[in-house]
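Notes for the structure review
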Amino acid sequence: MEVQINFLAVFLAGVASMFVGFLWYGPYLFGNAWMKLMGHKEMTMDKSGLGKIYFISFLLSLLTAVVLTHSIAFGSYYMKISGVSAGVQGAFWSWLGFVMPVQATDVLFGGKSWKLSKINTGYQLASLLAMGAVLGYFG
């Protein structure tokens, strides 16, 4: 089975992920709680390197979108579904099988806060669902 990569869809999925992150970690959703749990204070955060961090984060989102494209394609092939539904289902199962267990294990062995993990893992779910919807729409 050959998987076709739609690079416009991959780019838009990366943008969608960044947009979800902007909303998720912004002041109206979980940004203030996240900063508090991370021990950051807005006035003391070093903002000089944020451009580089956002750029690298965007590149990683593109990588995720490419891999998610494959996951959606295989899921679509075996489950006989397509479109946004295939994208969202592929994203959800990828999150459930790969992201959530890794995040939970990090809490269990790393002594991290469950509340912080819920914020971060919730973002990963929301981000993957948005990316899956975009990829499924263009798929």
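Residues numbered from 1 in each chain as written. Predicted model: local features only at pLDDT ≥ 70, side-chain atom pairs only at ≥ 80, totals over all residues. Heavy atoms only, no water.

**Description of the side chain of serine 127**
Position of serine 127 among the secondary structure elements: in helix α5 (residues 114–138). Classification of serine 127 by relative accessible area gives buried; the value is 3%. Non-local contacts of serine 127, meaning those with residues more than four positions away in its chain, are made with Ser17 and Val20. (Helix = DSSP H or I, 4+ residues; strand = E, 2+ residues; numbered from the N terminus. Buried < 20%, exposed > 50% of the residue type's maximum accessible area, 1.4 Å probe, protein only. Contact = heavy atoms within 4.5 Å.)

**Remarks on the pattern of salt bridges**
Going through the model one piece at a time under the given rule, you end up with one salt bridge. Here aspartate 106 and lysine 112 are joined by a salt bridge, their closest N and O atoms 3.2 Å apart. Given the relative accessible area of 34%, aspartate 106 is considered partly exposed. (Salt bridge = Lys/Arg side-chain N within 4 Å of Asp/Glu carboxyl O.)

**As for the packing of helix α1 (residues 7–24) against α5**
One can describe the packing of α1 onto α5 by two numbers: an axis separation of 8 Å at closest approach and a directional angle of 150 degrees. Comparing the axis directions of α1 and α5 gives the class roughly antiparallel. Viewed along their axes, α1 and α5 form a crossing whose handedness is right-handed. Contact residues: α1 offers Ala9, Val10, Leu12, Ala13, Gly14, Ala16, Ser17, Val20, Gly21 and Trp24, while α5 offers Ile119, Gly122, Tyr123, Ala126, Ser127, Ala130, Met131, Val134, Leu135 and Phe138. Its residues placed into classes, the contact of α1 with α5 shows 15 nonpolar, five polar and no charged. (Axes fitted to C-alpha atoms, helices over the stretch in contact; angles between N-to-C directions. Parallel < 35°, antiparallel > 145°, perpendicular 65-115°, else oblique. Left-handed = near helix turned anticlockwise from the far one by under 90°. Nonpolar A, V, L, I, M, F, W, Y, C, P; charged D, E, K, R; others polar.)

**Quick notes on the environment of glycine 136**
The topology assignment puts glycine 136 in helix α5. Residues glycine 136 and alanine 65, spaced 71 residues apart in sequence, show a C-alpha to C-alpha distance of 11 Å. Not counting chain neighbours up to four residues away, the residues in contact with glycine 136 comprise Gly83, Val84 and Gly87.

**Digging into the packing of aromatic side chains**
Using the criterion set out here, one finds eight aromatic pairs in the structure. On the numbers, 4.7 Å between centres and 45 degrees between planes, the contact of tryptophan 24 with phenylalanine 30 is tilted. Ring geometry for tyrosine 25 and tryptophan 34: centres 5.4 Å apart, planes at 70 degrees, overall edge-to-face. In this structure tyrosine 25 comes out as partly exposed when scored by relative accessible area, which is 27%. Here lysine 80 stacks its cationic end above the ring of tyrosine 77, 5.1 Å away from the centre of that ring. (Phe/Tyr/Trp six-rings, centres within 6.5 Å; stacked < 30°, edge-to-face > 60°. Lys NZ or Arg CZ within 6 Å of the ring centre and 35° of its normal.)

**Some words on the environment of asparagine 6**
Secondary-structure assignment places asparagine 6 in the segment before α1. A polar side-chain atom of asparagine 6 sits 3.0 Å from the main-chain amide nitrogen of alanine 9. (Polar contact = N/O pair within 3.5 Å; in protein donor to acceptor, adjacent residues only side chain to side chain.)

**Focus on unusual backbone geometry**
The backbone of lysine 80 sits at a positive phi, close to 60 degrees, despite the residue not being glycine. Tracing the sequence through the fold places lysine 80 in the loop between α3 (50–79) and α4 (83–110).

In short, geometric facts, not functional conclusions.
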